[in-house]
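# Survey of secondary and tertiary structure
These are the residues of each chain, in order.
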Amino acid sequence: MYLVQLLLWCGVVAGPLFVATFLVEGYMRPNYNPLRKPVSVLSQGRRGWVQKANFFVSGVLLIAYAYGLYMMLGAVGAVWGPLLVFLHGAGVVGAGIFDTDYGGVRTKGFHHNRSGVLHDLFSTIVFVSLSVGCIVFANIFNMLQAPQWALYSNITGVLYLLGFIISARAFAPSSSLAPIGGLIQRLTIIIGCVWVTLSALHFLAGW
């Protein structure tokens, strides 16, 4: 019982820790424009270890949370939801292991190196897995007679996926959204992190 509670608390902590760290680090980093540049750029440079550690610690917390969800919900057959949260956490860890090669201004002649390709792959896993996970959890919440949470999860899943698509477009060459690409990405991340934290608190309250 106490193990499950501890694992669920990992889900409560993961989002606020991740968001607070990249917001503070973005503010402190000289010559870094958080409105334009993605969070991953904070992994570059002399202080890059801070954001790399942020990816790793937050990802491990999400993986632990996924196991707690499995222990709590597996008995009622809700396996896909915890699995997608696990993939979300694994993607966060992978995005920290492989640095982005994007510096904030992507020209038409830009080509990824291997680390950049893997970083983008893991980042895609991060966003897609949680988007689908929210939809899956909407069905779980309906099964648990929590229609408000089902509606919230569906809305979050749609907004999170749309935010990912729009922010990816904003980082493309000559995008009119380039000046606020970083802002769009941050808002998207916050939407997902808030859902993870609130849903973890909901499961804790019912455990």
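Everything discussed here concerns the structure shown above.
The text that follows walks through the structure, step by step, so that each part is easy to find. Just so you know, these numbers come straight off a predicted model, no measurement behind them.

## Here's the deal with the pattern of salt bridges
All chains considered together, the criterion is met by three salt bridges. Across the salt bridge formed by arginine 29 and glutamate 25, the nearest N and O atoms sit 3.1 Å from each other. Take arginine 29: its relative accessible area is 14%, and that puts it in the buried class. Aspartate 99 is the salt-bridge partner of lysine 52, the closest N and O atoms lying 3.2 Å from each other. In this pair, lysine 52 sits in helix α2 (residues 48-73) while aspartate 99 sits in the loop between α3 (80-97) and α4 (114-143), placing the two residues 47 residues apart along the sequence. According to the relative accessible area criterion, aspartate 99 is partly exposed, its value standing at 24%. Among the charged side chains, a network of salt bridges with common partners joins Glu25, Arg29 and Arg47.

## With respect to the layout of surface pockets
Taken as a whole, the largest pocket holds about 560 Å³ of empty space. Forming the boundary of the largest pocket are 33 residues, of which Ser40, His119, Ser123, Phe127 and Gln185 lie nearest the centre. Those elements that provide at least two residues to the lining of the largest pocket are α1 (2-28), α2, α3, α4, α5 (147-170) and α6 (181-206). Among the elements that take part in the lining of the largest pocket, α4 stands out by supplying seven residues, more than any other. A breakdown of the residues in the lining of the largest pocket according to their chemical character gives 19 nonpolar, twelve polar and two charged.

## Re the packing of aromatic side chains
Inspection of the entire model under this criterion finds eleven aromatic pairs. Ring centres of phenylalanine 98 and phenylalanine 122 lie 5.8 Å apart, and the angle between their planes is 10°; on these two criteria the pair is classed as stacked. Of this pair, phenylalanine 98 sits in the loop between α3 and α4 while phenylalanine 122 sits in helix α4, and the two are 24 residues apart along the sequence. Residue class for phenylalanine 98 comes out partly exposed when judged on its relative accessible area of 27%. Relative to tryptophan 149, the ring of phenylalanine 141 has its centre 5.6 Å away and its plane inclined at 35°; by these criteria the two rings are tilted. For the pair phenylalanine 141 and tryptophan 149, one class covers both residues: buried. Every member of this aromatic cluster is reached through a ring pair, and the members are Phe137, Phe141, Trp149, Tyr152, Trp195 and Phe203.

## Regarding the packing of α2 against α6
When two helices pack together, their arrangement is given by the angle between the helix axes and by the axis-to-axis distance. Orientation of α2 relative to α6, taken along the N-to-C sense of each, is 35°, at an axis distance of 12 Å. Crossing hand, α2 versus α6: left-handed. In contact with Leu62, Tyr65, Leu69, Met72 and Leu73 of α2, α6 contributes Val196, Ser199, Ala200 and Phe203.

## Re the environment of alanine 138
The residue alanine 138 is located in helix α4 in this model. Looking at alanine 138, the relative accessible area reads 0%, which means it is buried. Sequence-wise, alanine 138 and glycine 157 are 19 residues apart; in three dimensions their C-alpha atoms are separated by 9.2 Å. Non-local contacts of alanine 138, meaning those with residues more than four positions away in its chain, are made with Ala150, Ser153 and Asn154.

## Brief notes about the packing of α1 against α6
With their axes 8 Å apart at the nearest point, α1 and α6 run at an angle of 160° to one another. Taken as axis vectors, α1 and α6 run roughly antiparallel relative to one another. Here the hand of the crossing between α1 and α6 comes out left-handed. Contacts between α1 and α6 involve Gln5, Leu8, Trp9, Gly11, Val12, Gly15, Pro16, Phe18, Val19 and Phe22 on the former and, on the latter, Arg186, Ile189, Ile190, Cys193, Val196, Thr197, Ala200, Leu201, Phe203 and Leu204. Residues belonging to the contact of α1 with α6 are distributed by class as follows: 15 nonpolar, four polar and one charged.

Calculation rules
- Residues numbered from 1 in each chain as written.
- Predicted model: local features only at pLDDT ≥ 70, side-chain atom pairs only at ≥ 80, totals over all residues.
- Heavy atoms only, no water.
- Salt bridge = Lys/Arg side-chain N within 4 Å of Asp/Glu carboxyl O.
- Buried < 20%, exposed > 50% of the residue type's maximum accessible area, 1.4 Å probe, protein only.
- Helix = DSSP H or I, 4+ residues; strand = E, 2+ residues; numbered from the N terminus.
- 1 Å grid on protein atoms, 1.4 Å probe; cavity = no way out; pocket = protein on both sides within 12 Å on 5 of 7 lines; lining within 4 Å.
- Points joined across faces, edges and corners; volume = space filled by probe spheres on them.
- Nonpolar A, V, L, I, M, F, W, Y, C, P; charged D, E, K, R; others polar.
- Phe/Tyr/Trp six-rings, centres within 6.5 Å; stacked < 30°, edge-to-face > 60°.
- Axes fitted to C-alpha atoms, helices over the stretch in contact; angles between N-to-C directions.
- Left-handed = near helix turned anticlockwise from the far one by under 90°.
- Contact = heavy atoms within 4.5 Å.
- Parallel < 35°, antiparallel > 145°, perpendicular 65-115°, else oblique.

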